[in-house]
Amino acid sequence: MRYQGREVDIEGRVRLVMESALTARDRVGVQDFVLLENYTSEAAFIENLRRRLRENLVYTYIGSVLVSVNPYKDLEIYSKQQMERYRGVCFYDIAPHIYALSDNAYRALRTQRKDQCILISGESGAGKTEACKKILLYYTVTCPTNDDFAAIGSRLLQSNQVLEAFGNAKTLRNDNASRFGKYMDVQFDFKGAPVGAHILDYLLEKSRVVHQNHGERNFHIFYQLLDGGDDNLLNTLDLQRNPQNYQYLVKGNCPRLSSVSDKNNWKVVMKALSVIGFTEKEVENLLNIIAGVLHLGNVQFGEGEEGETYITTETQMSNLAKLLGVDGLALREALTHRKLTANAEEMISPLNFEQAESVRDALAKAVYGRTFTWLVQKINELLAPKDVLNYNRKSCCVIGLLDIYGFEVLHHNSFEQFCINYCNEKLHQLFIDLTLKSEQEDYETEGITWEMVKYFDNKIICDLIEEKHKGIISILDEECLGPGETWDASFLEKLEDTLSDHPHFVTHKSANGKTRRVMSKEEFRLLHYAGEVNYDVNSFLDKNRDMLNWNLKEVMCQSDNPILRHSFRTGEGIYHKGPEMVATKFKNDLKKLVEILKSKQPSYVRCIKPNDAKQPERFDEVLVRHQVKYLGLGETVRVRRAGFAYRRTFEAFLQRYKPLCPETWPNWYGSLEDGVSILVNHLGYKPEEYKLGRSKIFIRFHKTLFITEDALEAKRPDMALALQTSWRGYRERSKYQRIRHAVIVIQSAWRGMKARRRAKRRRQAAELIRRFIKGFIYRHEEYCAENKYFLDHIRYSFLKNLRKNLPETVLDKSWPTAPPLLAEASDHLRRLHMRNMVRKYCRRVQPEWKKQMVHKVVASELFKDQKDSYPQSVGRLFLDSRLEQEQISLKVIQTLGNDKVQYGVPVIKYDRRGFKPRPRQLLLTNTFAVLVERTKIKQRIDYAALTGISLSSLRDGMVVLHLPSDDIKQKGDVVLHCNHVIELVTKLSMMATKVNYVNISPGSIKFTVARGKQGVIDFVRGSELKVSKGKRGHLLVTSPRIDNT
Ligand SMILES: Nc1ncnc2c1ncn2[C@@H]1O[C@H](COP(=O)(O)OP(=O)(O)OP(=O)(O)O)[C@@H](O)[C@H]1O
Ligand SMILES: [Mg+2]
């Protein structure tokens, strides 16, 4: 298995495949001082440094501390390829480099999610600022980028350019000496991409604005502006290109630098300002102030005859007022007078010549100093992570970079050097605390056999400076705040009184003869960890007070320039009471800084300056030895060599590496010590590689740890998988539990609802039954509350039932039986329904059918219950005619003429005598009927003459048409037999309007034969229809019985 370029065996051990890199390690000297054979020898240490520097190997380790020697020449070791080489590679597997340290800190930040800091120390010119820039460059190039902060890397780098222009200057020791302290937090998001930065600045050496030692320069920006600014800009600012024209730039008599081009740097700075995000207006305001300071330096004073001071440089004044955006007159007044308040009364007192000059310089320092503070604040605003929502402080980590002015010993040392060197003392103390002291204490408390390494603890010097009441700063403050006039000399006296016994404090008085010769009476000497420094007390009090006259502050507060207005309004303000002294503020700031640094995991870069001449290839052994000594590098080597490279509490160690051993993964329930023992045994640590203390494990070599760390790295995919699996399992389980719970909730709610509904229904049903039973009991009572429901229900049910069972035809006579209550209503309804049905029926009836119906009604009236064959006829339709058109002879039709045949039917006519049957057609017209024998009309019967129509009550078809016996045209009544006798008689009687003439005789029919002679037809019931002659000349008709049909 391969992982990140390394070969990993099954047990997760990593065997580095970068053997080539290991062998490529430089063979010059040792790359880690810990490996020096003669590690206790200072000479061997220095020789190693010298040999390596000769081969341009500027970096060497002491364990995890990086020692860097300033090569004073550009080396080809900072390219992008080099950065890639160091990225993600173990610290010790590759040649020492500032990139290796940077990468190590970054990896620790990513893996341990712990804030880191890199402390860069060394004396002025040793290469701290350069190292800091290299680290930043490494992060901006190699770290992943966050889309929202894509440009942050270049802005971080550019901010350095700007701050260097305004805060660095050439000193005798360094052409680009930092004149302020800088601590920069680079903020990384959870993905490891830089997202912002925050800078803390410490005590700018403001005195440089108005004075420079010989061979030194003011801050770079002044020279850059004069050299690089185009003619137009200089005209606008009323500046001349020659720096020698400005009093604030001539003191050091060093206008140009051979090593750098102010012109080029000007362009770089201007570009940097715009890249960081400064607006054109802000840059303009900034430059107005810079030019204003230069003009202020040129303001000259004259002394009047009465000792009054006046300004002699009028044009300077007006330029100055214009550039600073203040009222010229007020400024002039404030530069030559002091405003005092006594007993709530304001008094103006003129300043003498010296006072005026010092007020002018104080103003210049204040303006520049506050502008610098504004600049840092503004850069912080612009570099702050913009997306506050996405920038979550908890998930983000920072790497702090500390680049502060180095230890400084000048020919003439003042308050600034005092502060700078005090700062270096503090940082050295921190270094001692975190490396030498705490490490050795740790071994002791953990019970590791340990021979103490002696080192110089500079706490005594720090106390000398900062101790409350007794320390130099306290005495200085006391002098500044003390009543009455105090002088620098009295401050020195007080120091002498209080501190003369201190082993690290010397004054002219307390010094021995040799020292006295190199000390003036106005100096005191501190024996710093890094060497002895004489401090001139002159102006100590002034610089510590850092006072500016009220009236000057008031003028500046009203400036048109927003930077000045803002700078003078905030901070101490005009009416600030009890101002904090500079040294005390610095002391407090340093205290906070130390706290910040202590809260982070530190890495150290110790810078060494090989010579004072800023020359490459020169190795000043004395100088280097001195630095090696005071930086405590020898002690560091010894402690490292004797000690252990790494220590962790059992808990933390086990927590981190437990995945590497099956017995400790995923959880170890035994004692922590046992857990760690099992783990290291499994990892194959040799006994000399580690020791177990009381609560910590100590690992001697970094390499052991790195191999373990690499194994962990290789194990991570498996761990991730295991975590993913269990997380997914957990997630799915919880999801299932949630769903299950939800289902149960829904089910129980639903069941509850159902049960409630059921109970409600049951209740209602019981109630109903109760009402029913009650109603039933009271059903015969008057309609009352008890029976109301029952009766209503009865009614309702009847009506509902009725609705379903209504008769559908008029013939259907069924009707549901109504309860007694509704008997009347039921009748009504029945009638109504019937009427309605009839009405509907009638509406539907066609004329044809109506005619049929009329006939049937008449037939009913005539024959119902009268004649046996009637019921049979009811269901049969009456036809328009029983004869087809063609069955009727044309001749007959012609004979009839206009009298249209309305109905025709075949009949059998029985002769009146002898009763001989003769087939005939009986044709009915509107006014008469005719009997036709084929083509011949045999007899015409006028309806008007018809006196009766007789039929039997039986099922025969006999009909007798009675005619008047006196009608000679007629030969008596007509006896006919017709198969459709009911239809015939109905139609005939209706056409002849002789319905009332129809007689139905039960036994016999008498008829007239001729002229008064009577014939009789007897009807009897028999098996079948038969017409025959009966007794006595009667005609006997046998009709079939009903049951025969
Ligand atoms: N790694 C390096 N490679 C090449 N030149 C370097 C390197 N480090 C430092 N220098 C040179 O040394 C000079 C001084 O370095 P730098 O400004 O970093 O010193 P410093 O320690 O910050 O001093 P100070 O305390 O005065 O600010 C640089 O201007 C540069 O010319
Ligand atoms: Mg510096």
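These numbers were taken from a predicted model, which means no experiment stands behind them.

Student: What exactly am I supposed to notice about the overall build of the protein here?
Tutor: Looking only at helices and strands, one finds 35 helices and 34 strands in the protein. In terms of C-alpha radius of gyration, the protein reaches 66 Å, well past the compact-globule figure of 31 Å for 1045 residues. In terms of overall dimensions, the protein has C-alpha extents of about 205 × 85 × 70 Å along its principal axes. Put simply, the protein has 1045 residues, and 51% of those count as buried. When contacts within the protein are restricted to residue pairs at least 6 apart in sequence, long-range pairs at least 24 apart make up 63% of them. As presented, the protein carries roughly 52300 Å² of accessible surface, and 52% of it is formed by carbon and sulfur atoms. Averaging the positions of the 159 positive and the 129 negative side-chain charges in the protein gives two centres separated by 21 Å.

Student: Mind showing me how you'd approach the site of ligand 1 here?
Tutor: Around ligand 1, the structure places 19 residues, and the nearest of them are N70, S124, K128, T129 and S178. The separation between an oxygen atom of ligand 1 and a polar main-chain atom of E130 is 2.9 Å. N176 is positioned with one of its backbone polar atoms (N or O) 3.4 Å from an oxygen atom of ligand 1. When ligand 1 sits alone it has 620 Å² of accessible area, and the protein chains cover 88% of it. Elements supplying a minimum of two residues to the shell around ligand 1: α5 (128–142) and β8 (177–178). Here the shell around ligand 1 takes three residues from α5, the largest share from any one element. For the shell around ligand 1, the per-class residue count stands at six nonpolar, nine polar and four charged.

Student: Just checking my understanding: could you explain the pairing of strand β27 (residues 948–952) for this structure?
Tutor: Extensive coverage of β27 is indicated by the burial of five of its five residues. Residues G948, S950 and S952 line one face of β27 and the alternating positions I949 and L951 line the opposite face, and both faces are buried. Sheet topology note: the β27/strand β28 (residues 958–962) ladder contains four bridges and is antiparallel. Following the sheet pairing, S950 is matched in β28 by V960. Between β27 and β28, which follow one another and run antiparallel, lie five residues. Where β27 lies against strand β30 (residues 998–1001), four bridges are found, and the strand directions are parallel. In the sheet register, I949 faces β30, and the bridge partner there is V998.

Student: Help me out: how do you make sense of the side chain of T309 in this one?
Tutor: Positionally, T309 belongs in strand β12 (residues 309–311). According to the relative accessible area criterion, T309 is buried, its value standing at 8%. Among the polar contacts listed, one links the side chain of T309 to the backbone oxygen of L351, at a separation of 2.5 Å. Setting aside residues up to four positions removed in sequence, T309 forms contacts with F301, G302, T336, L351, N352, F353 and A356.

Student: What's the story with the packing of aromatic side chains in this structure? I'm lost.
Tutor: Each pair of aromatic rings is reported with the distance of its centres and the angle of its planes. Scanning all chains against the criterion turns up 33 aromatic pairs. Seen in terms of ring centroids, F180 and F372 are 4.9 Å apart; in terms of plane orientation they differ by 65 degrees. Their pairing is edge-to-face. Of the two residues, F180 is situated in the loop between β8 and β9 (181–188) and F372 in helix α15 (residues 353–383); the sequence distance between them amounts to 192 residues. Just as F180 is buried, F372 falls in that class too. On the numbers, 5.5 Å between centres and 90 degrees between planes, the contact of F415 with F540 is edge-to-face.

Student: Help me out: how do you make sense of the packing of helix α16 (residues 415–446) against helix α26 (residues 633–642) in this one?
Tutor: Between two packed helices, what matters for the description is the angle formed by their axes and the separation of those axes. Running from N to C, α16 and α26 point in directions that differ by 35 degrees, and their axes come no closer than 10 Å. As α16 runs across α26, the sense of the crossing is left-handed. Across from F431, L436, E439 and Q440 in α16, the residues of α26 making contact are E635, T636, V639 and R640.

Student: Help me understand the coordination of the magnesium ion (ligand 2) in this model?
Tutor: Tetrahedral coordination by four donors puts the ideal angle at the metal at 109.5 degrees, and octahedral coordination by six puts it at 90 or 180 degrees. Coordination of the magnesium ion (ligand 2) by the protein involves T129 (OG1) and S178 (OG), with metal-donor separations of 1.9 to 2.0 Å. Taken together, the positions of T129 in helix α5 and S178 in strand β8 put the pair 49 residues apart, joining distant regions of the chain. Per residue, the accessibility class of T129 equals that of S178, and both read buried.

Student: Can you help me understand the sheet that holds strand β21 (residues 690–692) in this one?
Tutor: Remark on secondary structure: sheet strands pair via backbone hydrogen bonds, oriented parallel or antiparallel. One open sheet holds the three strands; their spatial order is β20-β22-β21, and the pairing between them is antiparallel. Every other strand in the sheet has two partners, leaving β20 (646–649) and β21 as the edge strands with one partner each. Within the sheet, the average angular offset between the axes of one strand and its neighbour, ignoring direction, is 15 degrees. Relative to strand β22 (residues 696–699), β20 runs antiparallel, the two being bridged by four bridges.

Student: Is there a simple way to think about helix α23 (residues 562–569) in this case?
Tutor: In an α-helix there are 3.6 residues to a turn, and that puts residues three or four apart on one side. Every buried residue of α23 is accounted for by I563, L564, S567 and F568. Angularly, the buried residues of α23 cover 115 degrees about the axis, an arc narrow enough to put them on a single face. At the N-terminal boundary of α23, the capping side chain belongs to N561, with an oxygen 3.0 Å from the backbone nitrogen of I563.

Student: What is the right way to look at the side chain of R656 in this model?
Tutor: Here R656 lies in helix α27 (residues 650–657). Within the structure, the side chain of R656 is placed 2.7 Å from the side chain of E709, a separation counted as a polar contact. Excluding residues that lie within four positions of it along the chain, R656 makes contacts with T111, R648, E709, L712 and R716.

Student: In this structure, what is going on with a nonpolar patch on the surface? I would like to understand it.
Tutor: A grouping of L768, I769, I773, F776, I777 and Y778 is seen on the molecular surface, where their side chains present a nonpolar patch of about 570 Å² in accessible area. Structurally, F776 is set in helix α29 (residues 702–777).

Student: I tried to follow the environment of V995 on my own but got confused; where do I start?
Tutor: If you trace the backbone, V995 turns up in the loop between α35 (981–991) and β30. Spatially, the C-alpha atoms of V995 and L862 are 7.6 Å apart, while their sequence positions differ by 133 residues. Setting aside anything within four residues of it in sequence, one finds V995 in contact with V858, L862, S989 and M990.

Student: So what exactly am I meant to see when it comes to the confidence of the model for the protein here?
Tutor: Note that predicted coordinates carrying low pLDDT should not be read in detail. Summary statistics for the protein give a mean pLDDT of 87 and a share of 94% for residues scoring 70 or more. Within the model, pLDDT remains below 50 along residues 1–26, and this stretch shows 53 contacts once partners closer than five positions in the same chain are excluded.

Student: What am I meant to see in helix α6 (residues 152–167) here?
Tutor: Here α6 is 16 residues long and its end C-alpha atoms lie 22 Å apart, about the 22 Å a rise of 1.5 Å per residue gives. Burial runs high along α6: 13 of the 16 residues are buried.

Student: Quick question: what am I supposed to make of a negative patch on the surface here?
Tutor: A surface patch of like charges, here negative, comprises E303, E305, E306, E308 and E354. Within the secondary structure, E306 sits in the loop between β11 (301–303) and β12. We classify E306 as exposed; its relative accessible area is 77%.

Student: Is there a simple way to explain the sheet that holds strand β16 (residues 505–507) in this structure?
Tutor: Taken together, the three strands give an open sheet; going across it, the order is β16-β17-β18, and neighbouring strands pair in antiparallel fashion. With one partner strand each, in any of the chains shown, β16 and β18 (531–536) form the two edges of the open sheet. Each strand axis lies, on average, 25 degrees off the axis of its neighbour in the sheet, ignoring direction. For β16 and strand β17 (residues 523–528), the ladder comprises three bridges, and the chain directions are antiparallel.

Student: Hey, could you run me through the packing of helix α8 (residues 220–228) against helix α11 (residues 262–276) in this one?
Tutor: With their axes 8 Å apart at the nearest point, α8 and α11 run at an angle of 100 degrees to one another. Here α8 lies roughly perpendicular to α11, going by the angle between them. For the pair α8 and α11, the contacting residues are I221, Y223, Q224, L225, D227 and G228 in the first and D262, K263, N265, W266 and V269 in the second. In terms of residue class, the contact of α8 with α11 is made up of five nonpolar, three polar and three charged.

Student: Can you walk me through unusual backbone geometry in this structure?
Tutor: Following W665, the chain continues into P666 via a peptide bond in cis, with omega recorded as 0 degrees. Even without glycine at this site, R113 takes up a positive phi of about 50 degrees. Checked against the element boundaries, R113 lands in the loop between α4 (98–112) and β6 (116–121). The exposure class assigned to R113 is partly exposed, which follows from its relative accessible area of 39%. Non-glycine residue T993 carries a positive phi angle of around 45 degrees. Mapped onto the fold, T993 is located in the loop between α35 and β30. The class of T993 is exposed, set by a relative accessible area of 63%.

Each value, and the rule that gives it
- Residues numbered from 1 in each chain as written.
- Chains lettered and ligands numbered in written order.
- Predicted model: local features only at pLDDT ≥ 70, side-chain atom pairs only at ≥ 80, totals over all residues.
- Heavy atoms only, no water.
- Helix = DSSP H or I, 4+ residues; strand = E, 2+ residues; numbered from the N terminus.
- Rg over C-alpha atoms; globule rule 2.2 N^0.38 Å.
- Buried < 20%, exposed > 50% of the residue type's maximum accessible area, 1.4 Å probe, protein only.
- Contact = heavy atoms within 4.5 Å.
- Areas by Shrake-Rupley, 256 points an atom, 1.4 Å probe, with all protein chains shown as cover.
- Lys, Arg positive; Asp, Glu negative; His and termini not counted.
- Charge placed at Lys NZ, Arg CZ, Asp CG, Glu CD.
- Near = heavy atom within 4 Å.
- Polar contact = N/O pair within 3.5 Å; in protein donor to acceptor, adjacent residues only side chain to side chain.
- Nonpolar A, V, L, I, M, F, W, Y, C, P; charged D, E, K, R; others polar.
- Pairing = 2+ DSSP bridges.
- Phe/Tyr/Trp six-rings, centres within 6.5 Å; stacked < 30°, edge-to-face > 60°.
- Axes fitted to C-alpha atoms, helices over the stretch in contact; angles between N-to-C directions.
- Left-handed = near helix turned anticlockwise from the far one by under 90°.
- Donors = N, O, S within 2.8 Å, 3.2 Å for Na, K, Ca; no water.
- Arc of directions from axis to C-beta.
- Patch = residues over 30% accessible without salt bridge, like charges linked within 9 Å, V, L, I, M, F, W, Y side chains within 5 Å.
- Salt bridge = Lys/Arg side-chain N within 4 Å of Asp/Glu carboxyl O.
- pLDDT = per-residue confidence, 0-100.
- Expected span 1.5 Å × (residues − 1).
- Parallel < 35°, antiparallel > 145°, perpendicular 65-115°, else oblique.

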